[in-house]
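If you want the building blocks of each chain, they are given just below.
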Amino acid sequence: MRLKDKAALVTGATAGLGQSIAEAFAREGAAVLVTGRDAARGEAVVEGIRSSGGRARFRRLDVTAEEEVEAAVAATVDEWGRLDVVVNNAGYYGPASMRPLAELPVAEWDRVIQVNLRGPFLVCRAAIPAMIRQGGGAIVSIASIRAIHCSHNLPAYTASKAALIQMTKSIALDYGAQNIRANAILPGVHDTPGGQQSYTDREEYLRRIASLTPLGRIGHPSGIAYAAVFLASDEAAYITGATLVVDGGRIAGEYRPHRSGPSTRRA
Amino acid sequence: MRLADKVAIVTGAGRGNGRGIARGLAREGAAVAVADIIEENARKVARGIEDSGGRAIALKVDVTDPQSVQGMVDATLAAFSTITTLVNDAGVISRIPFFETTKEEFQRVVDVNLTGTFLVAQAVARVMVKAGGGSIINIASQGAERGAYELVTYCASKGGVKTFTMALAVTLGQYNIRVNAIAPGPIPTDMTAASLGDPVRRASIEAGIPLGRLGTPEDLAGICVYYASDESSWVTGSTMWIDGGGLAGLARAPIARK
Ligand SMILES: NC(=O)c1ccc[n+]([C@@H]2O[C@H](COP(=O)([O-])OP(=O)(O)OC[C@H]3O[C@@H](n4cnc5c(N)ncnc54)[C@H](O)[C@@H]3O)[C@@H](O)[C@H]2O)c1
Ligand SMILES: NC(=O)c1ccc[n+]([C@@H]2O[C@H](COP(=O)([O-])OP(=O)(O)OC[C@H]3O[C@@H](n4cnc5c(N)ncnc54)[C@H](O)[C@@H]3O)[C@@H](O)[C@H]2O)c1
């Protein structure tokens with residue numbers, strides 16, 4: 001078990017990638033504070049973890065609410081005596097924010113930045129002192145490939161995720177001496193409830209994503225969970241201020257087999 | 001064990017980083033072909049792995065020689081029937097100043113670090129295509145991400161390794177072959193004895209690393225196990241920094257503040 005004796009807090013863990021991360025952490029031996037805004041779903045995630053022998057608790061947490069963030073960090077320490085790992089997973093790219101900049105309502109910009117950047121700031125700000133007290137910790141932030149490889153109609157989202165990466169590096173520099181590591185995962189397109197808002201015809205959507213992806217399929221949330229386990233574990237003890245791209249090869253380069261044909265057919 | 005069904009070739013595994021990586025993969029259950037141009041070193045490492053209960057063979061290879069590379073691939077197949085994982089670790093550095101660097105010296109470094117990586121990847125990928133997939137891990141360097149003073153030749157070769165990795169990832173994804181790189185910071189090995197052996201220089205380098213210490217070959221094992229395992233089955237074209245935070249930015253305030 002790679003996260004034995006560690007206590008972790010995961011934001012936005014009631015569904016999607018966050019749920020998968022919380023479940024994987026528990027399988028690897030960590031005690032997990034499953035947090036989010038939907039208590040019914042959160043309790044169900046906790047129930048699932050417990051029924052497979054893991055340790056978890058649910059706590060309501062909207063990452064935009066400063067007091068709730070501080071209380072959640074305190075609750076983790078109260079419950080398990082420590083806080084070793086924080087995963088900044090909660091994120092927002094809602095349909096209303098997907099438009100070019102001049103058409104973006106100011107309130108939408110604010111909302112995206114609040115959840116994706118100010119949220120992780122508040123969580124790290126509350127968690128770091130607890131980590132320092134116990135001699136170290138690991139922070140894993142879920143950014144996006146869109147932080148470094150832009151896409152249409154996402155001015156607020158890409159900006160927020162790029163800023164999240166730079167904030168992560170800043171933590172790595174400032175708290176390395178206290179043995180706190182901070183890294184970011186950059187997911188490509190994953191099959192989650194969040195992603196499902198962006199299509200109507202599922203089959204067509206999956207085909208399109210597959211055709212754009214060198215590995216020929218959409219991402220499964222477990223891949224992000226494994227990446228997070230690795231970065232949170234002591235196997236990554238010398239990794240900080242780094243990013244891990246998990247995207248099936250999407251941003252590695254131009255992939256157009258439909259135009260040029262597979263070039264290596266004669267393998 | 002996370003790599004129980006894997007067979008790996010690790011080039012440059014006779015000492016230093018390659019040795020640490022080979023041991024790390026073997027610890028997780030992979031059968032390892034320990035390949036190096038210095039055969040005696042490869043033998044010692046393979047024996048060490050077997051003594052701790054792992055599976056390994058030692059092979060002599062010159063990664064710049066296509067025939068020698070094919071021989072390594074054939075010998076690995078003869079011993080373990082398949083190849084699922086390749087770590088391109090064999091590498092050399094040049095410490096000759098830029099204005100004294102000859103065409104021959106530049107080519108010597110590019111030959112091992114870049115052409116060697118290409119030759120081994122091509123020969124192994126042919127096997128992986130037939131096997132239905134695989135994972136190739138190229139050891140790049142911090143020097144693939146930024147320049148280093150008077151290491152022009154080395155940085156050029158490692159920058160090549162990084163974009164080679166990305167292009168190959170895009171090219172071989174259709175065969176379920178994943179290609180990733182790691183970019184380690186300075187690690188005390190034979191390669192760096194000349195620079196890190198100087199205590200003043202070493203202390204100054206350490207002070208520039210946020211985690212406050214140099215890396216070790218063992219530090220590279222975890223990320224290689226991750227890339228080799230099915231946990232990273234949707235990860236390709238990536239370059240993982242493993243440098244204690246060195247590339248993230250300035251570890252120290254450049255100017256003392258009050
Ligand atoms: N799914 C993808 O394809 C993809 C790709 C790249 C990055 N990401 C990132 O991964 C993370 C998880 O995404 P996902 O697709 O699993 O889920 P998602 O888009 O459905 O939403 C993420 C989670 O965050 C929660 N959340 C939103 N606002 C919150 C707030 N104020 N406080 C607490 N929780 C809040 C949501 O309820 C949800 O559970 C997000 O940060 C997202 O930006 C996802
Ligand atoms: N040590 C560091 O600070 C550092 C940092 C970043 C990257 N790297 C990279 O890590 C890798 C290993 O370096 P190291 O520090 O362990 O150095 P090292 O010199 O100890 O090991 C290199 C190994 O490669 C072998 N080799 C050299 N030429 C070969 C050839 N033509 N064919 C087969 N094998 C050959 C050597 O015999 C040796 O065993 C290299 O690619 C290096 O560039 C090292």
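Thresholds, definitions, all that
Residues numbered from 1 in each chain as written. Chains lettered and ligands numbered in written order. Predicted model: local features only at pLDDT ≥ 70, side-chain atom pairs only at ≥ 80, totals over all residues. Heavy atoms only, no water. Contact = heavy atoms within 4.5 Å. Buried area = accessible area lost by both parts, 1.4 Å probe. Salt bridge = Lys/Arg side-chain N within 4 Å of Asp/Glu carboxyl O. Polar contact = N/O pair within 3.5 Å; in protein donor to acceptor, adjacent residues only side chain to side chain. Helix = DSSP H or I, 4+ residues; strand = E, 2+ residues; numbered from the N terminus. Nonpolar A, V, L, I, M, F, W, Y, C, P; charged D, E, K, R; others polar. Pairing = 2+ DSSP bridges. Axes fitted to C-alpha atoms, helices over the stretch in contact; angles between N-to-C directions. Core = buried A, V, L, I, M, F, W, Y, C linked by side-chain atoms within 4.5 Å. Buried < 20%, exposed > 50% of the residue type's maximum accessible area, 1.4 Å probe, protein only. Near = heavy atom within 4 Å. Expected span 1.5 Å × (residues − 1). Arc of directions from axis to C-beta. Patch = residues over 30% accessible without salt bridge, like charges linked within 9 Å, V, L, I, M, F, W, Y side chains within 5 Å. Areas by Shrake-Rupley, 256 points an atom, 1.4 Å probe, with all protein chains shown as cover. Right-handed = clockwise from strand over helix to strand, strands pointing away. Parallel < 35°, antiparallel > 145°, perpendicular 65-115°, else oblique. Left-handed = near helix turned anticlockwise from the far one by under 90°. Lys, Arg positive; Asp, Glu negative; His and termini not counted. Charge placed at Lys NZ, Arg CZ, Asp CG, Glu CD.

Undergrad: Residue-level account of the interface of chain B and chain A, with values.
TA: The interface is formed by 43 residues belonging to chain B together with 45 residues belonging to chain A. Together chain B and chain A conceal approximately 3500 Å² of surface at their shared face, both sides included; 64% is due to carbon and sulfur atoms. Linking chain B to chain A there are 2 salt bridges. Summed over the shared surface of chain B and chain A, the result is 11 residue pairs in polar contact (both at pLDDT 80 or more). Elements with a contribution of two residues or more to the side of chain B that touches chain A: α4 (103–131), α5 (152–172), β6 (177–184), α8 (219–228) and β7 (239–242) of chain B. Here the residues of the side of chain B that touches chain A are counted per class, giving 22 nonpolar, 14 polar and 7 charged.

Undergrad: I'd like a description of the sheet that holds strand β5 (residues 134–139) of chain B, backed by residues and values.
TA: Residues and elements named next belong to chain B. Strands sit in the order β3-β2-β1-β4-β5-β6-β7 across an open sheet of 7 strands; the sheet is parallel. In this open sheet, the two edge strands, each paired with only one partner strand, are β3 (55–60) and β7. Looking at each pair of strands side by side, their axes are set apart by 20 degrees on average, direction ignored. Strands β2 (31–36) and β3 of the sheet are contacted by helix α2 (residues 39–51), whose axis makes an angle of about 175 degrees with β3. Packing against the sheet, helix α3 (residues 66–80) makes contact with β1 (7–11), β2 and β3, and its axis sits at approximately 155 degrees to β3.

Undergrad: Requested: an account of the nonpolar core, with residues and values cited.
TA: Residues A:Phe25, A:Val34, B:Leu25, B:Val34 and B:Ile182 are the most contacted members of the largest nonpolar core, which totals 77 residues. The element best represented in this core is helix α7 (residues 221–232) of chain A, accounting for 8 residues. A:Ala72, A:Val73, A:Ile145 and A:Ala147 belong to the second largest nonpolar core, which has 35 residues in total.

Undergrad: Break down the pattern of salt bridges for me, with residues and values.
TA: Taken as a whole, this structure holds 22 salt bridges over all chains when the rule is applied. For B:Arg43, the salt bridge identified is with B:Glu39, shortest N-O distance 3.5 Å. Note that B:Arg43 and B:Glu39 are positioned in helix α2 at a spacing of 4 residues, about one turn of the helix. Two residues, B:Arg202 and B:Glu206, come together in a salt bridge whose shortest N-O distance is 3.3 Å. Taken as a pair, B:Arg202 and B:Glu206 lie in helix α7 (residues 199–207) at a separation of 4 residues, close to a single helical turn. The exposure class of B:Arg202 is partly exposed, given its relative accessible area of 31%. Judged by its relative accessible area of 23%, B:Glu206 is partly exposed. One connected set of salt bridges, linked through shared partners, spans A:Arg2, A:Glu28, A:Glu235, B:Arg2 and B:Glu231.

Undergrad: Which residues make up the site of ligand 2, and what are the values?
TA: All names here are of chain B. Close to ligand 2 lie 28 residues; Asn17, Asp36, Asp89, Tyr154 and Thr189 are nearest. Between a nitrogen atom of ligand 2 and a main-chain N or O atom of valine 63, the distance comes to 3.1 Å. With respect to ligand 2, the side chain of threonine 189 contributes an N or O atom lying 2.5 Å from an oxygen atom. Among the secondary structure elements, those contributing two or more residues to the shell around ligand 2 are α1 (16–27) and α5.

Undergrad: Before we move on, could you go through helix α2 (residues 39–51) of chain A and cite the residues and values that matter?
TA: All names here are of chain A. Taking 1.5 Å of rise per residue, the 13 residues of α2 would be expected to cover 18 Å, and the 18 Å separating its terminal C-alpha atoms lies within 8% of that figure. What α2 keeps buried is the set Gly42, Val45, Val46 and Ile49. Buried residues in α2, looked at end-on, bunch into an arc of 95 degrees, giving them a common side. For α2, the exposed residues set more than 90 degrees away from the buried face come down to Ala40 and Ser51.

Undergrad: So what about a nonpolar patch on the surface? Which residues, and what values?
TA: Judged by side-chain polarity, B:Phe98, B:Phe99 and B:Val152 come together as a nonpolar surface patch covering roughly 370 Å² of accessible area. Turning to its location among the elements, B:Phe99 is positioned in the loop between β4 (85–88) and α4.

Undergrad: So, the pairing of β6(B): which residues are in play, and what are the values?
TA: Residues and elements named next belong to chain B. Among the 8 residues in β6, 8 count as buried, and that is most of the element. Both faces of β6 are covered, namely the face carrying Ile177, Val179, Ala181 and Ala183 and the face carrying Arg178, Asn180, Ile182 and Pro184. As judged from the 6 bridges shared by β5 and β6, these two strands associate in the parallel manner. Residue pairing for β6: glycine 134 is matched across the bridge by isoleucine 177. Following the backbone out of β5, through α5 and into the adjacent parallel β6, one traces a crossover that is right-handed.

Undergrad: Residues and numbers for the packing of helix α4 (residues 106–134) of chain A against helix α5 (residues 155–175) of chain A, please.
TA: Residue and element names in this part refer to chain A. Taken N-terminus to C-terminus, the directions of α4 and α5 make an angle of 15 degrees; their axes are 8 Å apart at the nearest point. In terms of orientation, α4 lies roughly parallel with respect to α5. Judged by the sense of rotation from one axis to the other, the crossing of α4 with α5 is right-handed. Judged by residue contacts, Trp109, Val112, Ile113, Asn116, Leu117, Pro120, Phe121, Cys124, Ile128 and Ile132 of α4 engage Pro155, Ala156, Tyr157, Ala159, Ser160, Lys161, Ala163, Leu164, Met167, Ile171 and Tyr175 from α5. Looking at the contact of α4 with α5 residue by residue, the classes come out as 18 nonpolar, 2 polar and 1 charged.

Undergrad: Could you give me a rundown of a positive patch on the surface, with the residues and numbers involved?
TA: Residue and element names in this part refer to chain B. There is a patch of like positive charges on the surface, built from Arg19, Arg23, Arg27, Lys44 and Arg47. Elements supplying a minimum of two residues to the positive patch: α1 and α2. Among the elements that line the positive patch, the one with the most residues is α1, at 3 residues. Tracing the chain through its elements places arginine 47 in helix α2.

Undergrad: How would you explain the sheet that holds strand β1 (residues 7–10) of chain A if you had to name every residue and give the values?
TA: Residue and element names in this part refer to chain A. With respect to topology, 7 strands assemble into an open sheet ordered β3-β2-β1-β4-β5-β6-β7, the strand pairing being parallel. Bordering the open sheet on either side are β3 (55–60) and β7 (243–246), each of which pairs with just one other strand. With strand direction ignored, the average angle separating the axes of adjacent strands in the sheet is 20 degrees. Across 3 bridges, the pairing between β1 and strand β4 (residues 85–88) is parallel. Among the inter-strand pairings, alanine 8 is bridged to a residue of β4, identified as valine 85. Relative to the sheet, α2 contacts β2 (31–36) and β3, its axis offset from that of β3 by approximately 175 degrees.

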